Amino acid sequence: QVQLVESGGGLVQPGGSLRLSCAASGVTWDHYAIGWIRQASGKEREGISCIGWDGESTYYVDSVKGRFTISRDNARNTVHLQMNSLKPEDTAVYYCAMMIFTSAQAMCVTLTSVDYWGRGTQVTVSS
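So, here is what we can say about the structure in this document.

Calculation criteria
Residues numbered from 1 in each chain as written. Predicted model: local features only at pLDDT ≥ 70, side-chain atom pairs only at ≥ 80, totals over all residues. Heavy atoms only, no water. Disulfide = S-S within 2.5 Å. Helix = DSSP H or I, 4+ residues; strand = E, 2+ residues; numbered from the N terminus. Buried < 20%, exposed > 50% of the residue type's maximum accessible area, 1.4 Å probe, protein only. Pairing = 2+ DSSP bridges. Axes fitted to C-alpha atoms, helices over the stretch in contact; angles between N-to-C directions.

**Describing the state of the cysteines**
Next up, step 1: Tallying each qualifying case throughout the model produces two disulfides.
Next up, step 2: There is a disulfide in this structure between C22 and C96, and the S-S distance comes to 2.2 Å. The chirality of the disulfide connecting C22 with C96 is left-handed, given an S-S dihedral of about -80°. With C22 in strand β3 (residues 18–25) and C96 in strand β9 (residues 92–100), this residue pair connects regions lying 74 residues apart in the sequence. An identical accessibility class is assigned to C22 and C96; each is buried.

Following this line, the structure appears as structure tokens:
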């Protein structure tokens, strides 16, 4: 019984920052890829940033490289996404997701066989 709960979304001006958090229950972090998937209105979901079960592998979609940072706090069973230099095109619902026995890159690129989803948190970047 895995549950993922996102928080930290909101309204921010272009160039601003937000920090998203995902609290997980009913899981251990070993052997899971965990990541952030976003979906803008009327568009397909896209993998933004994912991190491997061992914490050594990470993936970032090109559009967020250098601006977003994914991290884990295993002691608290949380995953964070620090988002800096936000742009209007970052506006979307951001979902925390988890896949078992999957690499960070595979999870974010293919988005196949996602095992667990959070309910999402809205991020709006606008002046």
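**With respect to the sheet that holds strand β1 (residues 3–7)**
Next up, step 1: Read across the sheet, four strands follow the order β1-β3-β8-β7 without closing on themselves; strand pairing throughout is antiparallel. The open sheet has two edge strands with one neighbour each: β1 and β7 (68–73). Going from strand to strand, the sheet's axes swing by 15° on average, the running direction of each strand aside.
Next up, step 2: The sheet contact formed by β3 and strand β8 (residues 78–83) spans six bridges and is antiparallel. In the strand pairing of β8, A23 is matched with T78.

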